[in-house]
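Understanding the architecture of this molecule
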Amino acid sequence: MAVINIRKREVQIKIVYVGPGRGGKTTNLEYLFNSIRHRIQSDMVSIKTHGDRTLFFDFLPFDLGQIQGYRIKTQLYTVPGQVKYNATRKLVLKGVDGIVFVADSMAVMREKNIAALENLIENLTFYDIDIYDRFPIIMQYNKRDLADEGIPLLDIATMQGDLNAKLNAPFFEACAVRGENVIPTAKKAISATIISLQDHLA
Amino acid sequence: MDKTAKSKLVSDIESQLDDFFGDGLGDTSSPTPSLEKLKSAVLSIDWEITDACLSDMITETELLMSHFEEDPVTHALLRMLRGLGDYVRKRKARSHPDAIKRVMSVFANIETLINDTHLEKRQRKNIVAKEIQAFKKLKQQVESQKPPLRGAPSQAISTQTPADVAALLEHHKFKQAMNAVEERLGAEMKSLKAQVQSLQKQLAALRS
Ligand SMILES: Nc1nc2c(ncn2[C@@H]2O[C@H](COP(=O)(O)OP(=O)(O)OP(=O)(O)O)[C@@H](O)[C@H]2O)c(=O)[nH]1
Ligand SMILES: [Mg+2]
């Protein structure tokens, strides 16, 4: 749950990037960090193994400025996507206010995407969050660029059917390595999250 | 919350997000090449001068140059950095000892120009003017270091005072000593790196 400090008129929101291993979550945060680093004081923290796999999480905090008199402090996290790190994933999801689900568009990743979404739903249930009950979640279908290299991709209709039929969340096609639609995804996630907190803000 | 209050909230959020991230128009165009890569190339040169890190530095500099074509001040420093990189790549250990110092300084100032959006025009120009001065000085020193061209008038040699020659010798010896120290450090670094790697492997095994 967001930390809302009425006296200091400050709101802290936590958005977590979730999805199958190697799907591009860390790449999303790295691109965001590079685009905003000149205007934020904070640094990005990544805890990785000596390859580039996320071991614990990535963490990118920044101060968004004022909205309706409230200072909005945003914290973006990624979880490790690898199946074996579920304990860590669950821990990072504690207190989450919004989700970005980064799906991997490669055809071979179809089952992994579905399993990752199921795992997310299960982990959120642990925190009494019902993802189908107006919970802010954004879908990102990443690695669309791989089509140019002749790699078989899932078409958007298939991905929508697999992952978003029941949720009906806003979705973006993206190429995180090139930064395409990375910022729009983050913006949408932040605004959906703030709007879901509206009753507390009012 | 009623409907109008909600739509006001939505538009407030959107404009704040646009202010913060930019209006998103830049999203589909090529992203700003990051200074990070250049920085790591420059830092590794400070550590050890290799062909690989020099050509990394030159490539990254050129990428940034095409991005900053419209900004003559930053562009000037980038050109200077590329020039210094070319020089060091050609001369290697024989390059002037101040050349790497200049590389560091020019890079630090490029970083300032790009990151510090509050700098006034005058301050930006000042930064570049100082670098140009230092660069010219280095250039003069480098030129006076060069052996006289074959067929050049012999007076070129005779103008060299014995003190100059002594300084040159000193300098040459100094270079040799430096090279020896560098070699030694390089070997030690290698063994340290290997140790760190094996520790990381152990740590990873413990964690999984
Ligand atoms: N072609 C292509 N590669 C991508 C894209 N996004 C990420 N990658 C690559 O996919 C690999 C994994 O990306 P990461 O961002 O580390 O993935 P992750 O989801 O954080 O992975 P875990 O930390 O293991 O969960 C990296 O080599 C990225 O460069 C993309 O849009 N297109
Ligand atoms: Mg990661």
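Before any of the text, the structure's been laid out above.
The paragraphs below set out a description of the structure included in this document. (Residues numbered from 1 in each chain as written. Chains lettered and ligands numbered in written order. Predicted model: local features only at pLDDT ≥ 70, side-chain atom pairs only at ≥ 80, totals over all residues. Heavy atoms only, no water.)

A word on the interface of chain B and chain A. Contact residues are listed per partner, giving 25 residues for chain B and 30 residues for chain A. Taken together, both faces of the contact between chain B and chain A bury some 2,500 Å²; the carbon and sulfur share is 67%. Applying the counting criterion to the chain B and chain A interface returns two salt bridges. Where the side of chain B that touches chain A is concerned, the elements lending two or more residues are α1 (3-21) and α8 (162-207) of chain B. When residues in the side of chain B that touches chain A are grouped by element, the largest group, twelve residues, is from α1 of chain B. When grouped by side-chain class, the residues that make up the side of chain B that touches chain A number eight nonpolar, seven polar and ten charged. (Contact = heavy atoms within 4.5 Å. Buried area = accessible area lost by both parts, 1.4 Å probe. Salt bridge = Lys/Arg side-chain N within 4 Å of Asp/Glu carboxyl O. Helix = DSSP H or I, 4+ residues; strand = E, 2+ residues; numbered from the N terminus. Nonpolar A, V, L, I, M, F, W, Y, C, P; charged D, E, K, R; others polar.)

A separate point is the packing of helix α2 (residues 35-47) of chain B against helix α3 (residues 51-67) of chain B. Residue and element names in this part refer to chain B. Here α2 crosses α3 at 150 degrees, and the two axes come no closer than 9 Å. Here α2 lies roughly antiparallel to α3, going by the angle between them. Here α2 and α3 pass one another in a crossing that is left-handed. For the pair α2 and α3, the contacting residues are L35, K37, L38, A41, V42, S44 and I45 in the first and C53, L54, D56, M57, E60, T61 and L64 in the second. Residues that form the contact of α2 with α3 fall into these classes: nine nonpolar, two polar and three charged. (Axes fitted to C-alpha atoms, helices over the stretch in contact; angles between N-to-C directions. Parallel < 35°, antiparallel > 145°, perpendicular 65-115°, else oblique. Left-handed = near helix turned anticlockwise from the far one by under 90°.)

For the rest of this paragraph, the subject is the pattern of salt bridges. Throughout the structure, instances matching the rule amount to 18 salt bridges over all chains. A salt bridge links D133 of chain A to R134 of chain A; its shortest N-O distance comes to 3.5 Å. The exposure class of D133 of chain A is partly exposed, given its relative accessible area of 44%. Overall, the relative accessible area of 74% leaves R134 of chain A in the exposed class. With its nearest N and O atoms 3.5 Å apart, the salt bridge here joins E62 of chain B to R82 of chain B. With E62 of chain B in helix α3 and R82 of chain B in helix α4 (residues 72-91), the pair connects residues that are 20 residues apart, well separated along the chain. On the accessibility criterion, E62 of chain B (38% relative accessible area) is partly exposed. Owing to a relative accessible area of 28%, R82 of chain B belongs among the partly exposed residues under this scheme. Through salt bridges with shared partners, a single ionic network connects E10, D63, R71 and K73 of chain A. (Buried < 20%, exposed > 50% of the residue type's maximum accessible area, 1.4 Å probe, protein only.)

The subject of this paragraph is the coordination of the magnesium ion (ligand 2). All names here are of chain A. Protein ligation of the magnesium ion (ligand 2) involves T26 (OG1) and T54 (OG1), the donor distances falling in the range 1.9 to 2.0 Å. You can see T26 sitting in helix α1 (residues 25-36) and its partner T54 sitting in strand β4 (residues 54-67), a full 28 residues away along the chain. Accessibility assignment for this pair places T26 and T54 in one class, buried. (Donors = N, O, S within 2.8 Å, 3.2 Å for Na, K, Ca; no water.)

Moving on to the site of ligand 1. Residue and element names in this part refer to chain A. In the vicinity of ligand 1, 20 residues are found, and the nearest of them are K25, T27, T54, G81 and D145. The fraction of the free accessible surface of ligand 1 (660 Å²) that becomes covered by protein chains is 86%. It is α1 that contributes the most residues to the shell around ligand 1, three residues altogether. Class assignment for the residues of the shell around ligand 1 results in six nonpolar, eight polar and six charged. (Near = heavy atom within 4 Å. Areas by Shrake-Rupley, 256 points an atom, 1.4 Å probe, with all protein chains shown as cover.)

Turning to the nonpolar core, a few remarks are in order. Grouped together as the largest cluster of nonpolar side chains are 37 residues, with contacts concentrated most on F62 and L64 of chain A together with F21 of chain B. Mapped by element, the contributors of at least two residues to this core are β2 (10-18), α1, β4, β5 (70-78), β6 (98-104) and α5 (182-196) of chain A together with α1 of chain B. In terms of residue count, α5 of chain A provides more of this core than any other element does, seven residues in total. Once you skip the residues sitting within four places of it in the chain, F62 of chain A turns out to touch I36, I40, S42, I72, K73, T74, L76 and I190 of chain A together with F20 and F21 of chain B. Within the second largest apolar cluster, 32 residues are counted, among which are V73, V88, L113 and L119 of chain B. (Core = buried A, V, L, I, M, F, W, Y, C linked by side-chain atoms within 4.5 Å.)

One pass over the full model with this rule turns up eight aromatic pairs over all chains. Both rings, one in F62 of chain A and one in F20 of chain B, keep their centres 5.1 Å apart while their planes meet at 15 degrees; by these two values the pair is stacked. Here F62 of chain A is found in strand β4, whereas its partner F20 of chain B is found in helix α1 on a different chain. For F20 of chain B, a relative accessible area of 6% gives the class buried. Where F62 of chain A meets F21 of chain B, the ring centres are 6.1 Å apart and the plane angle is 85 degrees; that geometry is what we call edge-to-face. One end of the pair, F62 of chain A, is in strand β4; the other, F21 of chain B, is in helix α1, on a second chain. Grouped by ring-pair contacts, the aromatic residues F56, F57, F59 and Y77 of chain A constitute a single cluster. Lying across the ring of Y77 of chain A, K14 of chain A places its NZ or CZ 4.6 Å from the centre. (Phe/Tyr/Trp six-rings, centres within 6.5 Å; stacked < 30°, edge-to-face > 60°. Lys NZ or Arg CZ within 6 Å of the ring centre and 35° of its normal.)

Moving on to α2 of chain B. Residues and elements named next belong to chain B. For α2, which comprises 13 residues, the first-to-last C-alpha distance of 18 Å matches the rise-based estimate of 18 Å (1.5 Å per residue) to within 8%. Within the span of α2, buried status applies to L35, L38, A41, V42 and I45. For α2, the angular spread of the buried residues around the axis is 125 degrees, confining them to a single face. Residues K37 and W47 are exposed on α2 and point more than 90 degrees away from its buried face. Where the residues of α2 are buried, they touch α3, α4 and α5 (98-115). (Expected span 1.5 Å × (residues − 1). Arc of directions from axis to C-beta.)

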